[in-house]
Amino acid sequence: FVTPGPNGPIDDREVQVPADGRSLMKAAVDAGIDGIAADCGGSLTCATCHVFIPEPWQQQLPPPSADEDTMLDYTAEERRPNSRLSCQIRLVPALDGLTVELPARQY
Ligand code: FES
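As a starting point, this report considers the structure included with it. (Residues numbered from 1 in each chain as written. Predicted model: local features only at pLDDT ≥ 70, side-chain atom pairs only at ≥ 80, totals over all residues.)

### Regarding the overall build of the protein chain
Tallying secondary structure elements over the protein chain gives two helices and four strands in all. When the helices and strands of the protein chain are read in sequence order from the N terminus, they spell out β-β-α-β-α-β. The globule rule puts the C-alpha radius of gyration for 107 residues at 13 Å, and the 13 Å found for the protein chain is close to it. Each of the three principal axes of the protein chain carries a C-alpha extent, and together these read 35 × 30 × 25 Å. A buried classification covers 28% of the 107 residues belonging to the protein chain. Sequence-distant contacts, at least 24 apart, represent 69% of the contacts inside the protein chain between residues at least 6 apart. (Helix = DSSP H or I, 4+ residues; strand = E, 2+ residues; numbered from the N terminus. Rg over C-alpha atoms; globule rule 2.2 N^0.38 Å. Buried ≥ 20, exposed ≤ 12 C-beta atoms within 10 Å, placed from the backbone. Contact = placed C-beta atoms within 7 Å.)

### Description of the nonpolar core
Within soluble globular proteins, side chains that are nonpolar generally end up buried alongside one another. Core analysis: the largest hydrophobic core is formed by 20 residues, its most contacted members being Leu 24, Met 25, Ala 28, Ile 36, Cys 49 and Val 100. Counting residues per element, this core draws most heavily on helix α1 (residues 24-30), which supplies four residues. (Core = buried A, V, L, I, M, F, W, Y, C linked by C-beta atoms within 7 Å.)

### Some thoughts on unusual backbone geometry
Cis geometry is adopted by the peptide bond preceding Pro 56, which originates at Glu 55 and carries an omega value of 5 degrees. Structurally, the position occupied by Pro 56 is in the loop between β3 (50-52) and α2 (66-71). The phi dihedral of Ala 38 falls on the positive side, at around 55 degrees, and the residue is not glycine. Secondary-structure assignment places Ala 38 in the loop between α1 and β3. A residue is classified by how many C-beta atoms lie within 10 Å of it, and Ala 38, with 22 of them, is buried.

### Focus on the pairing of strand β1 (residues 2-5)
Pairing geometry for β1 and strand β2 (residues 8-12), over four bridges, is antiparallel. Bridge pairing links Pro 4 to Pro 9 in β2. The hairpin formed by β1 and β2 contains two residues between the paired strands. (Pairing = 2+ DSSP bridges.)

### Regarding the environment of Cys 49
Along the chain, Cys 49 falls in the loop between α1 and β3. Taking the C-alpha atoms as reference points, Cys 49 and Ser 86, 37 residues apart in sequence, are found 5.4 Å from one another. Leaving out residues up to four positions away in the same chain, Cys 49 has contacts with Met 25, Ile 36, Ala 37, Ala 38, Leu 85, Ser 86 and Cys 87.

Okay, here's the thing in structure tokens:
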């Protein structure tokens with residue numbers, strides 16, 4: 001989880017979690033990653049679990065559902081082409097080594 005700063009990353013936390021299908025949001029919250037708020041607990045109603053997925057990982061993910069796509073319009077930091085909601089990303093073995101960038105804010 002890479003936290004951005006004005007002059008480059010200000011924090012870089014590595015988290016080891018089993019690729020057991022839990023969500024990226026749950027893994028982040030369980031690991032105490034501050035940049036993920038996840039107010040709705042993963043029910044796709046808050047958009048406070050916003051992350052940016054850099055290449056090449058973006059291509060490893062299934063595209064966002066219509067509901068996720070709609071909620072991405074409500075993120076605090078402006079949506080980018082690689083924006084995702086981490087509660088909708090399932091951790092599977094193909095994502096071993098996944099790097100995630102955090103937005104500067106979730107509110
Ligand atoms: Fe609320 Fe992801 S945790 S939308």
